[in-house]
Protein chains: 2
Amino acid sequence: MTRINANYLNLPGGYLFSEVARRVATFSAANPEARIIRLGIGDVAGPLSPVVIQALQKAVAEQGEAAHFRGYGPEQGYDFLRNTIAAAEYAELPVSPDEIFISDGAKCDLGNFQELFAADCRIALTDPVYPVYADANVMAGRAGRADEDGRFKGLIYLPCTAENNFVPELPSVPAQERPDIIYLCFPNNPTGTVLTRSQLQVWVDYARENDALILFDAAYEAFIREPGIPRSIYEIPGARDVAVEFRSYSKTAGFTGLRCGFAVVPKTVTGTGPDGKRVPLHALWNRRQTTKFNGCSYIVQRAAEATHSPEGKAETMAATDAYLANARAIRDAFESMGLTVAGGHNSPYVWLRLPGDMDSWQFFDLLLAQAHIVGTPGAGFGPGGKHYFRFTGFGNQADTAEAIDRLRGLSL
Amino acid sequence: MTRINANYLNLPGGYLFSEVARRVATFSAANPEARIIRLGIGDVAGPLSPVVIQALQKAVAEQGEAAHFRGYGPEQGYDFLRNTIAAAEYAELPVSPDEIFISDGAKCDLGNFQELFAADCRIALTDPVYPVYADANVMAGRAGRADEDGRFKGLIYLPCTAENNFVPELPSVPAQERPDIIYLCFPNNPTGTVLTRSQLQVWVDYARENDALILFDAAYEAFIREPGIPRSIYEIPGARDVAVEFRSYSKTAGFTGLRCGFAVVPKTVTGTGPDGKRVPLHALWNRRQTTKFNGCSYIVQRAAEATHSPEGKAETMAATDAYLANARAIRDAFESMGLTVAGGHNSPYVWLRLPGDMDSWQFFDLLLAQAHIVGTPGAGFGPGGKHYFRFTGFGNQADTAEAIDRLRGLSL
């Protein structure tokens, strides 16, 4: 009898963005004339930049020539890209090329990395946050069931609210219930907030003192403009022993449809084996990837390499500047409407506190019906997002400006 | 305390092909003048065909234009590809487009699919076979530890040997120990053998009678030339209720470096939930993919689409014909040397029974040292492969011809 993994039945009804897509499709079918503006899912407006297109074209041409064809590449990624990343992104930090694992995206890495750990590890995560962290652990049986607010009994939630400026506090749990694994995402998705160096140091120190691991999602580091805000957790002393970092080309270089990201797994980060011995996570992740992954597409790795060139960096800077300008305009609009809002600086995300007791899916439907705008309900990011709503700066400028006009006309 | 998934410690030392690469690198460093011919890992000689290159170039150009740019695609794959596959590959079979899930490769799908099942499901697999099936289940805790021959206590091995013509027999275990999940791969990797329609029907009937699931790896179906050999398990009556099929563009169209494959999950295939209710695997796999995967690269999906065009099919046929001719030549050479050999028809693989008690890693080292040829040790495919060795027809014709000359000179 093929018994299923019953943990799947504990998941919420649908993956957040699938549910958003379903509701939008239903609305569009009923209102074919409505011009919908999407400020919801964190997709970029595109197109890919010239330097990326050139790199792709060159790599495609190579794949058509016997002398330059490349078949299976290393599951960990090609050295040309690992070396380039180490030099461009971690030049002054203690990260070596062979600690960088190229993948087809940070979502996959963040979903899969928990496989390396025992089924009864205790998981902490900020609330709200990117839903993949919770969902992947629900599927692995670490979270148990959710209550009616979507709060899983087995997860340790670190509330990030307007009251604490969206900065998580250390878990207030008895010593024996402290988390083994802590997911942090800064600049945060969805709140758009960042941690200062000293705020992040608190977490690194906590992980070191409690033999915990930090899974640091830095997918939005390229949006940081403020000096002194860490882009990598390895800027924090001691992090190399307790933190794995995840990065993405999706938002920075428009790779949402190309698919490339990477995980940094320092050789000094360890977990505890059943005999109490320390086991390097680098070896475990390498085994996971070589067994269940076959490498990121060669042509995509060449495109990723191009983003680190001077021209590529300039193009990324221009694109992220534009998204930041959009986010700031959305934020300013809500502020001028007297609403409470976070993000929009150092981040493409704007996080709106809904008026009164309004529920985020209720606002989703209202926004779609009244303004033909798609945003993302805060509830999708955790129970703490129930009265919040996420907007993104990833639209193009004209659409964003029109969306802002429509937002100003909302009757809330 | 971050406790690791201790099941990882039960894995063999390294993933098969990583160990092969390591030994080759060591040999090359010591013998820089040796011209090594690789008939080992199942990589194609390339290059990509003109119709695939054209499709890639067109898709790349689109990604550089705002009007045609595509960001996040559906995690399940674009409809253009799902529809094309359904029409081209399953026209006369009961498979609908929304039962086809596009991925970045069959290896990933075959590694990940076991996540959908309870941790105590019993797994059967042919011996020898592609190592990912066993390794993924070891990592999930379903296999326990291996004995010194690499035989895992928790797996049900279905021996495929020269004695039974490499056709697995139904498991000879008591009723209460029958497998819940059965991995079958035909044309088989590594033995190169195929199942007839009636031989495959036996397995479908067994799965139906025993409420078991067949995970059918059809990565090599494009090499079948013999009429009457099923290319898809859905050619077998009743399979739609008990089988999931996996396919790949790697070997058929040279996509080993591009990365694309797909899984067919009929909506009629179910597992059993904890309350005894039937749960469609289609919904579970959809949830897995939407949570932990972000879709195959758009440009690669366009390339995959192109392989199904008349020109694409002709090119695939020409490429697979060439690989088959290589495989047949290798097989014929061994036969003329008086050795026992399988495969080389309907398959790019040739499976050599080593003389006497020779061990496969011993032969690997001998072959590399004497003939500068890289093959794949049978032991890497399971305990039943200990005295066998795999060669592939994926080299180019000239290299294969030279390799055959060198093989004839071996002193065994």
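Structure shown above.
Because the structure is predicted, anything quoted here is derived from the model rather than measured.

Participant: Would you mind going over the sheet that holds strand β6 (residues 213–217) of chain B in detail, with residue names and values included?
Facilitator: Residue and element names in this part refer to chain B. One open sheet accounts for 7 strands, arranged β2-β8-β7-β6-β5-β3-β4; its pairing is mixed. Every other strand in the sheet has two partners, leaving β2 (100–103) and β4 (155–159) as the edge strands with one partner each. On average, each strand axis in the sheet is inclined to that of its neighbour by 20°, with strand direction left out of account. In the packing of helix α3 (residues 79–89) onto the sheet, contacts are made with β2, β7 (243–248) and β8 (261–264), and the angle to β2 comes to roughly 120°. With respect to the sheet, helix α8 (residues 281–292) is in contact with β2, β6, β7 and β8, its orientation differing from that of β2 by roughly 25°.

Participant: An account of unusual backbone geometry is needed here, citing residue identities and associated values.
Facilitator: A cis amide bond links Phe-186 of chain A with the next residue in sequence, Pro-187 of chain A, at an omega value of -5°. Mapped onto the secondary structure, Pro-187 of chain A falls in the loop between β5 (181–185) and α6 (197–210). In this chain, Asp-127 of chain B is followed by Pro-128 of chain B through a cis amide linkage whose omega measures 10°. Inspection of the secondary structure assignment puts Pro-128 of chain B in the loop between β3 (123–127) and α5 (132–139). In this model, Asn-346 of chain B sits at a positive phi of 55°, which is unusual for a non-glycine residue. One can find Asn-346 of chain B in the loop between β11 (341–343) and β12 (349–353). Its relative accessible area of 6% is what places Asn-346 of chain B among the buried residues.

Participant: So what's going on with the sheet that holds strand β14 (residues 376–377) of chain B? Which residues, and what values?
Facilitator: The strand order across the open sheet built from 4 strands is β11-β12-β15-β14 (chain B), with neighbouring strands paired in antiparallel fashion. Looking at which strands have only one partner, the edges of the open sheet turn out to be β11 and β14 of chain B.

Participant: An account of the side chain of Gln-63 of chain B is needed here, citing residue identities and associated values.
Facilitator: Among the secondary structure elements, Gln-63 of chain B is positioned in helix α2 (residues 50–63). A distance of 2.7 Å separates a polar atom in the side chain of Gln-63 of chain B from the backbone nitrogen of Arg-70 of chain B.

Participant: Help me get a handle on the packing of helix α2 (residues 50–63) of chain A against α2 of chain B, residues and values and all.
Facilitator: For the pair α2 of chain A and α2 of chain B, the least separation of the axes is 10 Å and the interaxial angle reads 180°. The pairing of α2 of chain A with α2 of chain B is recorded here as roughly antiparallel in orientation. Residues Ile-53, Leu-56, Gln-57, Val-60 and Gln-63 of chain A of α2 of chain A form the contact with α2 of chain B, whose participating residues are Ile-53, Leu-56, Gln-57, Val-60 and Gln-63 of chain B.

Participant: Which residues make up the nonpolar core, and what are the values?
Facilitator: Phe-255 and Ile-299 of chain A together with Phe-255 and Ile-299 of chain B are the most contacted members of the largest nonpolar core, which totals 128 residues. Residue contacts for Phe-255 of chain B: discarding those within four places in its chain leaves Leu-48, Val-52, Tyr-249, Ser-250, Cys-260, Val-300, Ala-303, Ala-304 and Thr-307 of chain B. Core analysis: the next-biggest nonpolar cluster, separate from the first, contains 76 residues, Leu-110 of chain A together with Cys-121, Val-269 and Val-279 of chain B among them.

Participant: Quick rundown of the pairing of strand β6 (residues 213–217) of chain A? Include the residues and the values.
Facilitator: Residues and elements named next belong to chain A. Where burial is concerned, most of β6 is hidden: 5 out of the 5 residues are buried. Side chains Leu-213, Leu-215 and Asp-217 of β6 all project onto a buried face; the interleaved residues Ile-214 and Phe-216 project onto the opposite face, where all are buried too. Where β5 meets β6, 5 bridges bridge the pair, whose relative direction is parallel. Within the sheet, the bridge partner assigned to Ile-181 lies in β6 and is Leu-213. Relative to strand β7 (residues 243–248), β6 runs parallel, the two being bridged by 4 bridges. Each bridged residue has a counterpart across the sheet, and for Ile-214 the counterpart in β7 is Ala-243.

Participant: Which residues make up the pattern of salt bridges, and what values go with them?
Facilitator: Applying the stated criterion across every chain yields a total of 56 salt bridges over all chains. Put simply, Asp-135 of chain B and Arg-287 of chain A hold a salt bridge, and the shortest N to O gap is 3.7 Å. One end of the pair, Asp-135 of chain B, is in helix α5; the other, Arg-287 of chain A, is in helix α8 (residues 281–292), on a second chain. Each of the two residues, Asp-135 of chain B as well as Arg-287 of chain A, counts as buried. Members of the salt-bridge network, linked through shared partners, are Glu-89, Glu-221, Arg-231, Glu-245 and Arg-247 of chain A.

Basis of the calculations
Residues numbered from 1 in each chain as written. Chains lettered and ligands numbered in written order. Predicted model: local features only at pLDDT ≥ 70, side-chain atom pairs only at ≥ 80, totals over all residues. Heavy atoms only, no water. Pairing = 2+ DSSP bridges. Helix = DSSP H or I, 4+ residues; strand = E, 2+ residues; numbered from the N terminus. Axes fitted to C-alpha atoms, helices over the stretch in contact; angles between N-to-C directions. Contact = heavy atoms within 4.5 Å. Buried < 20%, exposed > 50% of the residue type's maximum accessible area, 1.4 Å probe, protein only. Polar contact = N/O pair within 3.5 Å; in protein donor to acceptor, adjacent residues only side chain to side chain. Parallel < 35°, antiparallel > 145°, perpendicular 65-115°, else oblique. Core = buried A, V, L, I, M, F, W, Y, C linked by side-chain atoms within 4.5 Å. Salt bridge = Lys/Arg side-chain N within 4 Å of Asp/Glu carboxyl O.

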